[in-house]
Amino acid sequence: MIRIGNIAEHVGESVKLGVWLYNKRSSGKIQFLQLRDGTGFIQGVLVKSQVAPEVWEHANQLTQESSLYVQGTVRRDERAPSGYELDVEDIEIIQIADEYPIALKKHGVDFLMDHRHLWIRSPRQRAILKIRAEIIRAVQDWLDGQGFTLVDPPILTPSACEGTTTLFSTKYFDEDAYLTQSGQLYMEAAAMALGRVYSFGPTFRAEKSKTRRHLIEFWMIEPEMAFTEHEESLRIQEELVSHVVQHVLKACQSELQAIDRDTAPLERVKPPFPRITYDEAVELLNREGMSFEWGEDFGAPHETKIAESFDKPVFITHYPAKVKAFYMKPDPDRPEVVLCADLIAPEGYGEIIGGSQRIDDPELLRQRFVEHQLPRDAYEWYLDLRRYGTVPHSGFGLGLERTVAWICGLDHVRETIPFPRMLNRLYP
């Protein structure tokens, strides 16, 4: 048994494949079977005069998504999308599928989302999920190669990373607990043990948002680095993102072609990335006719307008402290802003990374607890990190689904994850 993804290694050989029928058409005495096995698609050509009558009849019985074993000889064909075809010799039916609900025609989004468990079989959705997997591979390979250690933070937490207003609460026996919105605080602890660390796992935000950029459950890559200040963190971020994009361009050519992604904008994604301060971004928006007050946070239209001025991802740095999280370190030369940056993707995809240098002064962190009305007992362990060997340290979070949406050029993040959880969707 071989896989379609390895078909090029078997030209001229008679091979057996386990496949599903994606589609078929007939021209009388020849049947063309579009076959898939998860690793790719190939066309099987069945000539009536060259096979036994029962083989021809088996092909006639096949419905969309029927499962079968097929035997045939691999032939090179430059006209075929994969470059190869299969001259079918024998068919063994595993199951004749019931009438498939997703016919090969246009369907509404709600219908497709209700049948997401089947929709992911389509060529486009398969390609997106393959690209997602390669993005994950590239991220982990790069971080591992730079001396980072993978650490798994808890999903159930007793306290919030950025306030409790967007957290899912649950009971942990007799205590209150939350589904994590970030593993960052725990990763800071891990960085004090291992130097450079990262986590990769699911996070949850109970935001009642319906935008094309928001999911309720999403995956984050969150590196934390001891002895690392703001500037070095920005360099690491741009090198990581550049590596990921260039890896996808090389490893996913057929998938990018399957989703009709224009790769020219991606080819420009190489360091260094442009940088502007929050102050400069506010000036840019007002100059472009978007009235914006200093001290507000940027929304999707503002990020899109800012990104239009650049042809690759852009860092916006030094946000006002009042719109950012309690743990971000103030700029020593200007304490009303913090040493942070959001990385804004081109083409209207918005923020894909948020990061900062973290507060390392225990007294300043105590003040932040008071200012943000955080319960001291829930964060006492976090303060310990500053009591016992505090060092300058920085970190960031890369949102996987937004990154997939940008690299794939998708209209909505719902296609970036196998089974999206959105405001009004918990099924399937």
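Keep in mind that this is a model prediction, so the values were computed, not measured. (Residues numbered from 1 in each chain as written. Predicted model: local features only at pLDDT ≥ 70, side-chain atom pairs only at ≥ 80, totals over all residues. Heavy atoms only, no water.)

1. Points about the overall build of the protein chain
Threshold: Put simply, DSSP H or I for four residues or longer makes a helix, DSSP E for two residues or longer makes a strand, and each gets a number counted from the N terminus. Only protein chains enter the accessibility calculation, which uses a 1.4 Å probe; a residue whose area is less than 20% of its type maximum is buried, one above 50% is exposed, and one in between is partly exposed. Note on contacts: a residue pair qualifies if any of its non-hydrogen atoms lie within 4.5 Å across the two residues. Charged residues are defined narrowly, with Lys and Arg counted positive, Asp and Glu counted negative, and His plus the chain ends left uncounted. We put the charge of a Lys on NZ, of an Arg on CZ, of an Asp on CG and of a Glu on CD.
Scanning the protein chain from N- to C-terminus turns up 13 helices and 18 strands. Seen along its three principal axes, the alpha-carbon backbone of the protein chain occupies a region of about 85 × 55 × 40 Å. Here the protein chain holds 428 residues, and the buried ones make up 49% of them. Of the contacts made within the protein chain by residues no fewer than 6 positions apart, 66% connect residues no fewer than 24 positions apart. In the protein chain, which carries 49 positive and 65 negative side-chain charges, the distance between the mean positions of the two groups comes to 5 Å.

2. Overview of the pairing of strand E2 (residues 30-36)
Defined as follows: At least two DSSP bridges between two strands are needed for those strands to be called paired.
In terms of residue burial, E2 counts as a mostly covered element, since five of its seven residues are buried. Taking the residues between adjacent antiparallel strands as the criterion, strand E1 (residues 14-26) and E2 are bridged by three residues, where glycine 28 takes a positive phi near 90 degrees. Taken together, E2 and the strand that follows it, strand E3 (residues 41-47), pair antiparallel across an intervening segment of four residues, in which glycine 38 is found at a positive phi of about 100 degrees.

3. Some remarks on the pairing of strand E15 (residues 334-338)
With two bridges connecting them, strand E14 (residues 330-331) and E15 associate as antiparallel partners. By the bridge assignment, aspartate 331 is partnered in E15 with arginine 334.

4. Some thoughts on unusual backbone geometry
With an omega of 0 degrees, the peptide bond running from proline 271 to proline 272 counts as cis. Position of proline 272 among the secondary structure elements: in the loop between helix H8 (264-267) and strand E12 (275-277). In this chain, tyrosine 427 is followed by proline 428 through a cis amide linkage whose omega measures -5 degrees. Relative to the helices and strands, proline 428 is located in the segment after helix H13 (400-408). In this model, aspartate 260 sits at a positive phi of 60 degrees, which is unusual for a non-glycine residue. Of note, aspartate 260 is situated in the loop between helix H7 (253-258) and H8. You can call aspartate 260 exposed: its relative accessible area is 70%.

5. Overview of helix H12 (residues 380-387)
Our working definition: By arc we mean the arc of the directions from the helix axis to the C-beta atoms, nothing more.
Inspection of H12 places Tyr382, Leu383, Leu385 and Arg386 among the buried residues, and these make up the whole buried set. Angular distribution of buried residues about the axis of H12 spans 140 degrees; they occupy a single face of the element. Those residues of H12 that are buried are in contact with helix H5 (184-194), helix H11 (362-371) and strand E18 (393-399). One or two positions beyond H12, positive phi appears at glycine 389, with a value near 85 degrees.

6. What about a nonpolar patch on the surface?
Note the threshold: Patches were defined on residues exceeding 30% relative accessible area and lacking a salt bridge, with like-charge contacts within 9 Å and nonpolar side-chain contacts (Val, Leu, Ile, Met, Phe, Trp, Tyr) within 5 Å. Calculation of accessible area relied on Shrake-Rupley with a 1.4 Å probe; when residues are assessed, cover is drawn exclusively from the protein chains displayed. Just to be clear on terms, a salt bridge is a Lys or Arg side-chain nitrogen sitting within 4 Å of an Asp or Glu carboxyl oxygen.
Taken together, the side chains of Leu156, Tyr172 and Phe173 define a hydrophobic patch exposed on the protein surface, amounting to about 370 Å² of accessible area. Within the secondary structure, phenylalanine 173 is located in the loop between strand E8 (169-172) and strand E9 (175-179). Judged by its relative accessible area of 72%, phenylalanine 173 is exposed.

7. Re the side chain of threonine 403
Counting through the fold element by element, threonine 403 comes out in helix H13. Apart from residues lying up to four places away in sequence, threonine 403 is in contact with Ile135, Ile352 and Leu398.

8. Things to note about the pattern of salt bridges
With the rule as written, the count across this model stands at 32 salt bridges. A salt bridge links glutamate 134 to arginine 137, with the shortest nitrogen-to-oxygen separation between them at 3.1 Å. In this pair, glutamate 134 and arginine 137 are both assigned in helix H4 (residues 123-145), three residues apart and thus about one turn of the helix distant. Residues participating in the shared-partner salt-bridge network are Arg75, Asp77, Arg79, Glu85 and Asp87.

9. What to know about the sheet that holds strand E10 (residues 196-204)
Pairing between the strands of a sheet is mediated by backbone hydrogen bonds and can be parallel or antiparallel. Quick reminder of the rule: Note on definitions: angles span 0 to 180 degrees between N-to-C directions of axes, and those axes are lines fitted to C-alpha atoms, for helices only across the stretch in contact.
Taken together, the eight strands give an open sheet; going across it, the order is E6-E10-E11-E18-E17-E16-E13-E12, and neighbouring strands pair in mixed fashion. Edge strands, defined here as strands with exactly one partner in the open sheet, are strand E6 (149-150) and E12. The pairing of E10 with strand E11 (residues 217-226) spans nine bridges and is classified as antiparallel. When the bridges of E11 are listed, phenylalanine 204 appears paired with glutamate 217. Packed onto the sheet, helix H6 (residues 230-251) meets E10, E11, E12, strand E13 (314-317), strand E16 (340-345), strand E17 (350-357) and E18 and runs at close to 30 degrees relative to E18. Lying over the sheet, H13 contacts E10, E11, E16, E17 and E18, oriented at roughly 55 degrees with respect to E18.

10. A closer look at the packing of aromatic side chains
Test applied: To pair, rings of Phe, Tyr and Trp, with the six-membered ring standing in for Trp, must have centres within 6.5 Å; the planes then decide the type, stacked if under 30 degrees apart, edge-to-face if over 60, and tilted in the middle. Sitting over a ring, as applied to charges here, requires NZ of Lys or CZ of Arg to be within 6 Å of the ring centre and within 35 degrees of the ring normal.
Within this structure, the stated rule accounts for 16 aromatic pairs. Centre to centre, the rings of phenylalanine 273 and phenylalanine 315 are 6.1 Å apart; their planes meet at 40 degrees, and the pair counts as tilted. Here phenylalanine 273, found in the loop between H8 and E12, pairs with phenylalanine 315, found in strand E13; they are 42 residues apart in sequence, far enough to count as distant. An aromatic cluster is defined as three or more aromatic residues linked by ring pairs; in this entry it consists of Tyr186, Phe326, Tyr327, Phe369, Tyr379, Trp381 and Tyr382. Positioned above the aromatic ring of tyrosine 69 is the side chain of lysine 16, whose terminal nitrogen or guanidinium carbon lies 4.7 Å from the ring centre. Across from the ring centre of tyrosine 319, 4.2 Å away, lies the NZ or CZ of lysine 324, which sits over that ring.

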